[in-house]
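# Working through the structure, step by step
Okay, here's what each chain looks like letter by letter:
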Amino acid sequence: MNHLARYNLIDEAWIPVRGQDGQSRTVGLAELFRHAHIIRDLDEPSPANRVALYRLLLAILHRASSARFGSWARQERRRWRREGLPTDAVLDYLEHWREHFWLVHPEHPFMQVAALAHHPDTKDKKKSVLHLALLGNDGFLFDHRKTATLPWPDALRDMLGLFSFTPGGLIKILKTSDNAGPLANSAAFLALGANLGETLLLNLGSAKSNQNDLPAWEKVPPAIKDLAAPATLATGPNDRYTRQSRGVLLDVDDDGRVSELWFAPGLALQDDPHAPDPMVAQRMSKDGKTILRIRFDGGRALWRDLPSLTAGAKEMAPAVLRHAADITGEDEVLHVLAAGLASDQAKLERARMELLRLPHALLAVEAAAAQLREDVAAAEALHDKLRALAARVVALTQSDPEHTETRKKARERVAQSPLADVYFTRLEQRLPALMAAYAANDWEAAHRLWQNAMTEAARAFWHALGVLLSDTPRAWKAMAQTEPEFHTILRNHQENRDAA
């Protein structure tokens with residue numbers, strides 16, 4: 001041990017967890033893996049930090065399993081799920097790399113860049129520790145701290161969250177700008193188990209030994225030239241999960257608190273469309289030409305992107321959910337965490353965490369996934385027709401309804417109205433019953449239920465439109481004039497439903 005090293009993350013308590021008894025506490029890495037079977041879950045409120053902690057733990061488990069077993073397949077993961085994590089392998093691995101898990105170290109502080117304290121371009125350019133916090137439009141998301149001094153565990157978790165979710169943008173140190181983190185502007189998906197150990201196993205996946213895919217602590221510490229270098233592709237999930245996408249060095253005082261840090265560009269990650277992040281879901285744009293990441297987009301309900309999580313999505317679905325489907329049974333319902341941030345260029349706009357319930361059939365049976373995809377697409381198409389009709393109704397309440405500017409303003413008013421929320425919220429209320437039908441493998445009942453829900457949602461949309469318009473003769477006339485068209489849309493939908 002170097003006499004200047006402080007705070008070894010294997011032993012120090014710094015990860016917040018919640019036990020099966022509901023009690024919260026903080027633990028070090030060794031205690032976390034030793035007691036993973038009685039820890040319910042992580043107890044980190046920040047979506048970015050929580051996902052980053054899962055990724056760190058998965059990289060440790062992956063490398064420990066590689067060191068002990070070389071490779072492993074589905075049967076080993078199923079056995080570990082029954083019997084528990086290979087704890088001895090993980091503890092041996094952590095002990096082997098103990099010297100690289102010091103938070104403060106003169107040569108290789110954990111996932112930091114020691115050279116920043118000495119290089120002429122960076123040594124005198126410290127920043128506040130709150131520079132690690134991910135900013136939103138209204139201040140710090142999930143951060144109500146009034147002080148600019150943090151205990152080192154808080155600063156460390158903020159640093160890890162930043163590495164995963166930082167948006168690209170200007171840096172002005174060493175180079176003018178830097179790439180975004182691997183999960184920037186994305187929703188990250190994970191399968192949740194009955195305890196933390198099971199959660200890690202569900203998302204681990206099977207693996208062949210890949211000696212090139214190393215986590216940050218197994219690599220040579222970054223030098224200044226590495227921070228200024230062009231972006232590189234990830235060598236695998238361990239590299240992705242622990243990529244230091246910003247160069248950071250925490251200035252930890254004698255009381256274990258951090259008020260300042262050194263900050264610079266990081267080890268820039270180059271996007272690889274053929275190897276998406278294992279926690280990211282993707283979908284095709286409406287024109288079918290562009291692959292888009294699923295993100296928390298405004299008020300859009302996340303369930304509308306459910307087809308991108310299912311078996312039918314193939315390479316578009318998150319790999320971690322395919323891993324989970326491999327070791328879950330046909331009668332199981334998987335709890336899926338969706339967490340992340342949305343940004344507009346370099347400005348972070350919102351942070352969210354949601355919990356989805358997905359029956360095994362939707363993750364493993366392509367026919368079930370195909371039906372869900374068709375039903376969700378039908379709901380979107382029906383909404384498009386209703387939205388276009390609503391814009392016509394709004395235009396008819398104006399003095400010159402056929403004028404181009406009038407029609408444009410009518411479309412904008414409909415887009416800014418709560419009509420979409422009314423429609424999709426009504427559908428969302430039927431999701432639990434829909435998932436129950438898929439869990440029972442009664443796909444015909446699921447389809448019939450969804451078609452009925454679409455009819456209910458359309459009627460709710462039309463009623464809300466009448467409420468939205470002012471109570472005037474012109475509004476009454478517009479609604480009456482277009483009501484036959486509404487019933488035609490509804491009748492066509494019902495005929496399609498009956499034909500199906």
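Anything mentioned here points back to the structure above.
Residues numbered from 1 in each chain as written. Predicted model: local features only at pLDDT ≥ 70, side-chain atom pairs only at ≥ 80, totals over all residues. Heavy atoms only, no water.

### Re the overall build of the chain
- The number of helices and strands found in the chain is 16 helices and 18 strands.
- Across its three principal directions, the C-alpha atoms of the chain cover 85 × 50 × 40 Å.
- The burial tally for the chain puts 52% of its 500 residues in the buried class.
- Contacts in the chain between residues far apart in sequence, at least 24 positions, make up 72% of those at least 6 positions apart.
- Accessible surface computed for the chain: about 22600 Å², of which carbon and sulfur atoms make up 49%.
- Each charge class in the chain was averaged separately, 62 positive and 64 negative side chains, and the resulting centres sit 4 Å apart. (Helix = DSSP H or I, 4+ residues; strand = E, 2+ residues; numbered from the N terminus. Buried < 20%, exposed > 50% of the residue type's maximum accessible area, 1.4 Å probe, protein only. Contact = heavy atoms within 4.5 Å. Areas by Shrake-Rupley, 256 points an atom, 1.4 Å probe, with all protein chains shown as cover. Lys, Arg positive; Asp, Glu negative; His and termini not counted. Charge placed at Lys NZ, Arg CZ, Asp CG, Glu CD.)

### Some words on unusual backbone geometry
- The phi dihedral of Asn185 falls on the positive side, at around 55°, and the residue is not glycine.
- Inspection of the secondary structure assignment puts Asn185 in the loop between strand 11 (175-178) and strand 12 (187-192).
- Although it is not a glycine, Asn441 sits at a positive phi angle of roughly 60°.
- Within the secondary structure, Asn441 sits in the loop between helix 14 (431-439) and helix 15 (443-468).

### Remarks on the packing of aromatic side chains
- Per the counting criterion, the structure on display carries 10 aromatic pairs.
- Ring plane angle 35° and centroid distance 5.1 Å describe the contact between Tyr7 and Trp152, whose orientation is recorded as tilted. Residue Tyr7 is located in strand 1 (residues 6-8), and its partner Trp152 is located in helix 5 (residues 152-165); the two are separated by 145 residues in the primary sequence.
- Since its relative accessible area comes to 17%, Tyr7 is described here as buried.
- Classification of Trp152 by relative accessible area gives buried; the value is 6%.
- Lying across the ring of Phe424, Arg304 places its NZ or CZ 3.7 Å from the centre. (Phe/Tyr/Trp six-rings, centres within 6.5 Å; stacked < 30°, edge-to-face > 60°. Lys NZ or Arg CZ within 6 Å of the ring centre and 35° of its normal.)

### A closer look at the sheet that holds strand 2 (residues 15-19)
- The three strands are arranged 3-2-4 in an open sheet whose pairing can be described as antiparallel. The outermost strands of the open sheet, each flanked by one partner alone, are strand 3 (24-27) and strand 4 (39-42). The sheet shows a mean angle of 40° between the axes of neighbouring strands, taken without regard to direction.
- Here strand 2 pairs with strand 4 via three bridges, running antiparallel. Considered in strand 4, the bridge of Arg18 is made with Asp41.
- Helix-sheet contacts for helix 2 (residues 47-69) involve strand 2 and strand 4, and the interaxial angle to strand 4 is about 120°. (Pairing = 2+ DSSP bridges. Axes fitted to C-alpha atoms, helices over the stretch in contact; angles between N-to-C directions.)

### Topic: the environment of Lys219
- With respect to the secondary-structure elements, Lys219 resides in the loop between helix 6 (196-204) and helix 7 (224-227).
- Judged by its relative accessible area of 31%, Lys219 is partly exposed.
- Not counting residues within four places of it along the chain, the set of residues in contact with Lys219 comprises Leu214 and Asp239.
- Side chain to side chain, Lys219 and Asp239 meet in a polar contact 3.0 Å long. (Polar contact = N/O pair within 3.5 Å; in protein donor to acceptor, adjacent residues only side chain to side chain.)

### As for the side chain of Ser164
- The residue Ser164 is located in helix 5 in this model.
- Ser164 gets classed as buried once you look at its relative accessible area, which sits at 3%.
- In this structure Ser164 touches Ala52, Arg55, Gly181, Pro182, Leu183, Ala184 and Ser245, once residues within four positions along its chain are discounted.

### A short note on helix 2
- The end-to-end C-alpha distance of helix 2, which contains 23 residues, comes to 32 Å, matching closely the 33 Å that a straight helix rising 1.5 Å per residue would cover.
- Burial analysis of helix 2 places 20 of its 23 residues in the buried class, the great majority of the element.
- Just past helix 2, the residue Gly70 takes up positive phi, approximately 80°. (Expected span 1.5 Å × (residues − 1).)

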